[in-house]
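Residue strings, one per chain:
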Amino acid sequence: MVGIPAGSFVMGSPPSENGRFDTEGPRHKVTIKAFALGKYDVTSDEFLAFLRDTGYQPAPCNPLLDMGWRSPGHGKASPPYDADAPRWPAVCLDWRDAKRYIEWLNAKVREARPSAARANGPYRLPSEAEWEYAARAGTDTARWWGDEIGVNKANCNGCGSLWDKRLFSDVDAFAPNGFGLYGMLGNAWQWTEDCWHQTYDGAPDDGSAWVEPNCGKHVIRGGSWISLPVFVRSAARSGGGVNGEGEYDYSTLTGFRVARDLP
């Protein structure tokens, strides 16, 4: 985990930003409390540890191809791909799978340190505002390294990396941003806590997650190895169905990283 300092930032993108979508506005100031965020996406190896310990079975992310994690129980589990890639981001996951992993992680904390136990934590998904604040790391450009996509800064369809439009890269394959976070842009989309809203009209300004009961879609951020550069920006956002379904199925390309409240 990396400690993220408290601060304020302007969330969203200006009309002049190349690749901007209307869903990235209106821009608004948000104040963020200090919190901690995973230095990396949760890895395949880490997610396998959860499956082996619990026997939890995620639904296939591609039912037609029967693509998914295998968790038959008895301490056995396998990833949805043939590659031996323990440091790839854990993907092929819907929002509920991310939440179940975090429930397990919090149970481990309560077991090991009862004094640290909380009703809902300490681990959780980041809010969308926390995610963007952390991805920007104090910058106001399209990406933490500048406005242009550059070369070999991330993994996407046009990022100039070894993995572009071919496959995932390890979670630490590229340099970290100014907060010390790896892979915030490109490689794999990342789930956040927030329900999907078409614009920021009515969005909270305190960094909290914007949720309501039984929302059908949640916000994903960051883009993936197959995404065009316009999706690999700090302000770019999309929505994925809770169960991976929707007008576009992102679940084969989506993972997550954990956040943590600080005292």
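Presented here is an overview of the structure given in this document. (Residues numbered from 1 in each chain as written. Predicted model: local features only at pLDDT ≥ 70, side-chain atom pairs only at ≥ 80, totals over all residues. Heavy atoms only, no water.)

### Points about the side chain of Asn 177
Link 1 in the chain: Position of Asn 177 among the secondary structure elements: in the loop between helix H3 (128-136) and strand E8 (189-195).
Link 2 in the chain: We classify Asn 177 as buried; its relative accessible area is 5%.
Link 3 in the chain: A polar contact is formed between the side chain of Asn 177 and the backbone nitrogen of Phe 179, at a distance of 2.9 Å.
Link 4 in the chain: In this view, Asn 177 contacts Ala 134, Ala 135, Ala 137, Trp 144 and Met 184; residues no more than four positions away in its chain are not counted. (Helix = DSSP H or I, 4+ residues; strand = E, 2+ residues; numbered from the N terminus. Buried < 20%, exposed > 50% of the residue type's maximum accessible area, 1.4 Å probe, protein only. Polar contact = N/O pair within 3.5 Å; in protein donor to acceptor, adjacent residues only side chain to side chain. Contact = heavy atoms within 4.5 Å.)

### Describing the nonpolar core
Link 1 in the chain: One finds Phe 47, Leu 51, Trp 69, Tyr 101, Phe 256 and Val 258 to be the most contacted residues of the largest nonpolar core, which totals 36 residues.
Link 2 in the chain: Mapped onto this core, the elements with two or more residues apiece are helix H1 (44-54), helix H2 (95-112) and E8.
Link 3 in the chain: Tallying contributions element by element places H2 first for this core, with 7 residues.
Link 4 in the chain: Discounting residues that sit within four places of it in the chain, Tyr 101 has contacts with Val 42, Glu 46, Phe 47, Phe 50, Phe 256 and Val 258. (Core = buried A, V, L, I, M, F, W, Y, C linked by side-chain atoms within 4.5 Å.)

### A closer look at the packing of aromatic side chains
Link 1 in the chain: In total, this model carries 19 aromatic pairs according to the counting rule given.
Link 2 in the chain: For the pair Tyr 40 and Tyr 182, a centre-to-centre distance of 5.1 Å together with 40 degrees between the ring planes defines the contact as tilted. Here the residue Tyr 40 occupies a position in the loop between strand E4 (35-37) and H1, and Tyr 182 occupies one in the loop between H3 and E8, the gap between them amounting to 142 residues.
Link 3 in the chain: On the basis of relative accessibility, which here comes to 26%, the residue Tyr 40 falls in the partly exposed class.
Link 4 in the chain: Ring geometry for Phe 47 against Phe 50: centres 5.2 Å apart, planes inclined by 65 degrees, an arrangement best described as edge-to-face. Of this pair, Phe 47 and Phe 50 both sit in helix H1, separated by 3 residues, roughly a single helical turn.
Link 5 in the chain: On the basis of relative accessibility, which here comes to 0%, the residue Phe 47 falls in the buried class.
Link 6 in the chain: Taking the relative accessible area as the measure of exposure, Phe 50 reaches 2% and is therefore buried.
Link 7 in the chain: One aromatic cluster is present, built from ring pairs that chain together Phe 47, Phe 50, Tyr 56, Trp 69, Tyr 81, Trp 88, Tyr 101, Trp 104, Phe 168, Trp 225 and Phe 256. (Phe/Tyr/Trp six-rings, centres within 6.5 Å; stacked < 30°, edge-to-face > 60°.)

### Notes on the pattern of salt bridges
Link 1 in the chain: According to the stated counting rule, one finds 16 salt bridges in the structure shown.
Link 2 in the chain: With its nearest N and O atoms 3.2 Å apart, the salt bridge here joins Asp 94 to Arg 96.
Link 3 in the chain: With relative accessibility at 4%, the residue Asp 94 sits in the buried group.
Link 4 in the chain: Accessibility expressed as a relative area gives 41% for Arg 96, which makes it partly exposed.
Link 5 in the chain: A salt bridge links Glu 128 to Arg 237; its shortest N-O distance comes to 2.6 Å. In this pair, Glu 128 sits in helix H3 while Arg 237 sits in strand E10 (residues 237-241), placing the two residues 109 residues apart along the sequence.
Link 6 in the chain: Residue classification places Glu 128 among the buried positions, given a relative accessible area of 2%.
Link 7 in the chain: Put simply, Glu 128, Glu 132, Arg 136, Arg 221 and Arg 237 are held in one network by salt bridges that share partners. (Salt bridge = Lys/Arg side-chain N within 4 Å of Asp/Glu carboxyl O.)

### A look at the packing of H1 against H2
Link 1 in the chain: In contact at an axis separation of 11 Å, H1 and H2 are set at 75 degrees when each is read in the N-to-C sense. For the element pair H1 / H2, the angle class is roughly perpendicular. Contact with H1, carried on its side by Glu 46, Phe 47, Ala 49, Phe 50, Asp 53 and Thr 54, involves Asp 97, Arg 100, Tyr 101, Trp 104 and Lys 108 of H2 and no other residues of that element.
Link 2 in the chain: Here the residues of the contact of H1 with H2 are counted per class, giving 5 nonpolar, 1 polar and 5 charged. (Axes fitted to C-alpha atoms, helices over the stretch in contact; angles between N-to-C directions. Parallel < 35°, antiparallel > 145°, perpendicular 65-115°, else oblique. Nonpolar A, V, L, I, M, F, W, Y, C, P; charged D, E, K, R; others polar.)

### Description of the state of the cysteines
Link 1 in the chain: Scanning all chains against the criterion turns up 3 disulfides.
Link 2 in the chain: Between the sulfur of Cys 61 and that of Cys 92 lies a disulfide, 2.0 Å long from S to S. A torsion of -95 degrees about the S-S bond marks the disulfide between Cys 61 and Cys 92 as left-handed. Of this pair, Cys 61 sits in the loop between H1 and strand E5 (70-73) while Cys 92 sits in the loop between strand E6 (76-78) and H2, and the two are 31 residues apart along the sequence. Considered together, Cys 61 and Cys 92 belong to a single accessibility category, that of buried residues.
Link 3 in the chain: If the cysteines joined by disulfides in the chain are listed in sequence order, their pairing comes out as 1-2, 3-4, 5-6. (Disulfide = S-S within 2.5 Å.)

### Let's talk about H2
Link 1 in the chain: Taking 1.5 Å of rise per residue, the 18 residues of H2 would be expected to cover 26 Å, and the 26 Å separating its terminal C-alpha atoms lies within 8% of that figure.
Link 2 in the chain: Along H2, the positions that sit buried rather than exposed are Trp 95, Asp 97, Ala 98, Tyr 101, Ile 102, Trp 104, Leu 105, Asn 106 and Val 109.
Link 3 in the chain: You can read the cap of H2 off the contacts: a side-chain oxygen lies 3.0 Å from the backbone nitrogen of Arg 96, and it is on Asp 94. (Expected span 1.5 Å × (residues − 1).)

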